Amino acid sequence: MNLQAHPDSLARALDEFRRQFGGEPRIFRAPGRVNLIGGHLDYNEGWVLPIAIDRSCYVLVRRRNDRVLRVHSAHFNETLEFCPGDSRPSSHHWSTYVRGVAWSLAREVPALPGANLLIESEVPLGSGLSSSAALEVAVGFALLSLAEAKIDPVVLALACQRAENEYVGMRCGIMDQFAACFGRRGCALLIDCRTLAVEPLPIDETRVRVVVANTMVKHALASSEYNIRRRECEEAAARARQSRPSLRTLRDVSWPEIESESRAWPENLRRRARHVTTEISRVKDAVRALRASDFASLGRLMSESHESLDADYQVTSPELNSMVAIARGLPGVLGARMTGGGFGGCTVNLVLAEHAESFASALAHAYEAETRHRPDVTICRASDGACEIEPWKNSRQSAGGSPAARSLS
Ligand code: GLA
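Overview of the structure. No experiment lies behind these values; they were computed from the predicted model shown. (Residues numbered from 1 in each chain as written. Predicted model: local features only at pLDDT ≥ 70, side-chain atom pairs only at ≥ 80, totals over all residues. Heavy atoms only, no water.)

1. Notes on the packing of aromatic side chains
No. 1: Enumeration according to the criterion identifies six aromatic pairs in this entry.
No. 2: Aromatic side chains Y43 and Y226 sit 5.4 Å apart centroid to centroid with 70 degrees between the ring planes, which places their arrangement in the edge-to-face category. Within this pair, whereas Y43 is found in the loop between β1 (26-35) and β2 (47-48), its partner Y226 is found in helix α6 (residues 222-241), the two being separated by 183 residues in sequence.
No. 3: Owing to a relative accessible area of 9%, Y43 belongs among the buried residues under this scheme.
No. 4: Aromatic pair F178 and F182: ring centres 4.9 Å apart, planes at 45 degrees, arrangement tilted. Here F178 pairs with F182, and both are found in helix α5 (residues 175-182), just four residues apart, close to one helical turn. Here F178 matches F182 in class, with each residue buried.
No. 5: Directly above the aromatic system of Y167 lies the positively charged group of R88, at a separation of 4.7 Å from the ring centroid.
No. 6: Note that R251 overlies the ring of W47, its terminal NZ or CZ placed 3.9 Å from the centroid. (Phe/Tyr/Trp six-rings, centres within 6.5 Å; stacked < 30°, edge-to-face > 60°. Helix = DSSP H or I, 4+ residues; strand = E, 2+ residues; numbered from the N terminus. Buried < 20%, exposed > 50% of the residue type's maximum accessible area, 1.4 Å probe, protein only. Lys NZ or Arg CZ within 6 Å of the ring centre and 35° of its normal.)

In structure tokens form, the structure reads like this:
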């Protein structure tokens, strides 16, 4: 089992756990993700193509003898306590995700034990790399393991999505939680968000690398606009359904089929429908390209996806557009687009492997010169999904080796 644990984060987290709570914890991790293509398709029951990245959220956990969950966030240097049945706090806080997962899992496993938890994350918050799903899945995996409950990764991912939809109030799709659970080293994941089938598709990382660039800007309207986009898609689907009673979502029509009737729709609904239906075609083409290791075509489709997210879905930002425009002028780049919900956060770039280092530093310099924001640019590896890390076991087995891990999927 491969493990991309960053030893520093883990060592720091272990020290902190001992200081906060005492004793030796069990350790769970879940990765963030970038989506190569398939922007805003998951809640339209389309297909998406994310990779789990080598940046993770770690949850260190030890059972208590009561039902209390006592949680310390290393990032916020804050500790709080609650029980799964407690009422929801009125304002948004990092702990809302943890409370939401406990609330959601209590439906599956009524006798969740109490626990001390410490959270340490390498996934930058609010950057479009899905720090929240990494946190949810790592917490969920930890709590189910303590309860000695059977862990079905599909059930866990859906429970985490329910926490985010119904407890946090963000109507996200299933992509992020699935990527955190099912990530596979060296592979992108083709997820059919209707059937929930997952197929790992290898990416030859000796030929191309995935470079993630954080604009370091996130606009405040991100989550409200996200829920608005989702509602607009539902409204567009309702219009298309009038002459197609069996249509469930925009996945069930193509752009040529609705192009002429949508001229009578409000302009925003027509644009949202055009993005979703054309993006579905692009994902299908991208999958064919990836299977054939035709990276030039894959990159071109990623760039087209960005244009559609900008012009039709209207979820980009000036900083995302600058980052993408700069990337497109650099040697070795095959494609560049925003990733995640949008309105800031990260771009994902497909770059020829031999150019990856020079691309990353040229992109960082040029973006900073243009915007005065110093970006975080990282060459990522496609990584495994959530796992339990068992350092004690392994340190006995091979001194100095990477810790053993027990995977979820
Ligand atoms: C956010 C959501 C996902 C997905 C993306 C857009 O990351 O959490 O479910 O909708 O936006 O593709």
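Following the structure, the description resumes.
2. Remarks on the environment of L144
No. 1: Positionally, L144 belongs in helix α3 (residues 131-146).
No. 2: Relative accessible area serves as the criterion here: at 6%, L144 is assigned to the buried category.
No. 3: Spatially, the C-alpha atom of L144 lies 9.1 Å from that of P113, the residues being 31 residues apart in sequence.
No. 4: Those residues in contact with L144, other than ones at most four positions away along the chain, are L105, V109, A149, I151 and L156. (Contact = heavy atoms within 4.5 Å.)

3. What to know about the pattern of salt bridges
No. 1: Per the counting criterion, the structure on display carries 31 salt bridges.
No. 2: Between E24 and R18 there is a salt bridge, and its shortest N-O distance comes to 2.9 Å.
No. 3: Among the salt bridges present, the one from R194 reaches E45, with a minimum N-O distance of 2.8 Å. Of this pair, R194 sits in the loop between β7 (187-192) and β8 (198-202) while E45 sits in the loop between β1 and β2; the two residues are 149 residues apart in sequence, bridging distant segments of the chain.
No. 4: We classify R194 as partly exposed; its relative accessible area is 25%. (Salt bridge = Lys/Arg side-chain N within 4 Å of Asp/Glu carboxyl O.)

4. Considering the nonpolar core
No. 1: If you look at the biggest cluster of nonpolar residues, it comprises 103 residues, and the most contacted ones within it are I51, L117, L143 and L156.
No. 2: Composition of this core by domain shows at least three residues from each of domain 1 (9-202 + 383-389) and domain 2 (208-380).
No. 3: L143 has contacts with L69, A102, L105, L112, A115 and L117, leaving out every residue within four places of it along the chain.
No. 4: Membership of the second largest hydrophobic core comes to 15 residues, among which are L330, V351, F359 and L363. (Core = buried A, V, L, I, M, F, W, Y, C linked by side-chain atoms within 4.5 Å. Domains from an automatic or database assignment.)

5. What about unusual backbone geometry?
No. 1: In this structure, H40 is a non-glycine residue whose phi angle is positive, near 60 degrees.
No. 2: On the secondary structure map, H40 appears in the loop between β1 and β2.
No. 3: The phi angle at S130 is positive, at roughly 70 degrees, despite the residue not being glycine.
No. 4: If you trace the backbone, S130 turns up in the loop between β6 (115-121) and α3.

6. Some details on the sheet that holds β7
No. 1: The strand order across the open sheet built from three strands is β2-β7-β8, with neighbouring strands paired in antiparallel fashion. A single partner strand is all that each edge strand has here, and the edge strands are β2 and β8.
No. 2: Note: β7 against β8, five bridges, orientation antiparallel. Each residue of the ladder has a partner; that of L190, found in β8, is E199.
No. 3: In the packing of α5 onto the sheet, contacts are made with β2, β7 and β8, and the angle to β7 comes to roughly 135 degrees.
No. 4: Each of β2, β7 and β8 touches helix α8 (residues 267-291); the most contacted strand, β8, lies at about 50 degrees to it. (Pairing = 2+ DSSP bridges. Axes fitted to C-alpha atoms, helices over the stretch in contact; angles between N-to-C directions.)

7. A word on the packing of helix α4 (residues 153-168) against α5
No. 1: Axis separation between α4 and α5 bottoms out at 9 Å; the angle between their running directions is 145 degrees. Where α4 crosses over α5, the two elements pack in a sense that is right-handed. Residues P153, V154, L156, A157, C160, Q161 and E164 of α4 lie in contact with α5, whose contacting residues are Q177, F178, C181 and F182.
No. 2: Taken together, the residues of the contact of α4 with α5 sort by class into eight nonpolar, two polar and one charged. (Left-handed = near helix turned anticlockwise from the far one by under 90°. Nonpolar A, V, L, I, M, F, W, Y, C, P; charged D, E, K, R; others polar.)

8. Regarding the packing of α8 against helix α9 (residues 295-311)
No. 1: Two numbers describe how α8 lies on α9: the axes approach to 9 Å, and their chain directions differ by 170 degrees. The angle between α8 and α9 falls in the class roughly antiparallel. Packed against α8, whose contacting residues are R271, H275, T278, E279, R282, D285, A286, A289 and L290, the element α9 presents F295, S297, L298, L301, E304, S305, S308, L309 and A311 at the interface.
No. 2: Taken together, the residues of the contact of α8 with α9 break down into eight nonpolar, five polar and five charged. (Parallel < 35°, antiparallel > 145°, perpendicular 65-115°, else oblique.)

9. Points about helix α10 (residues 318-328)
No. 1: Along α10, the positions that sit buried rather than exposed are E319, L320, S322, M323, V324, I326 and A327.
No. 2: In the core, the buried residues of α10 are packed alongside β9 (208-218), α9, β10 (333-338), β11 (344-352) and α11 (356-371).

10. Thoughts on the site of the ligand
No. 1: Residues in close proximity to the ligand include R33, G39, H40, D42, Y43, C172, G173, M175, D176, Y226, G340 and G341, which together make up its full environment.
No. 2: G173 places a polar main-chain atom, nitrogen or oxygen, 2.9 Å from an oxygen atom of the ligand.
No. 3: Residues from two domains meet in the shell around the ligand; each of domain 1 (9-202 + 383-389) and domain 2 (208-380) gives at least three. (Near = heavy atom within 4 Å. Polar contact = N/O pair within 3.5 Å; in protein donor to acceptor, adjacent residues only side chain to side chain.)

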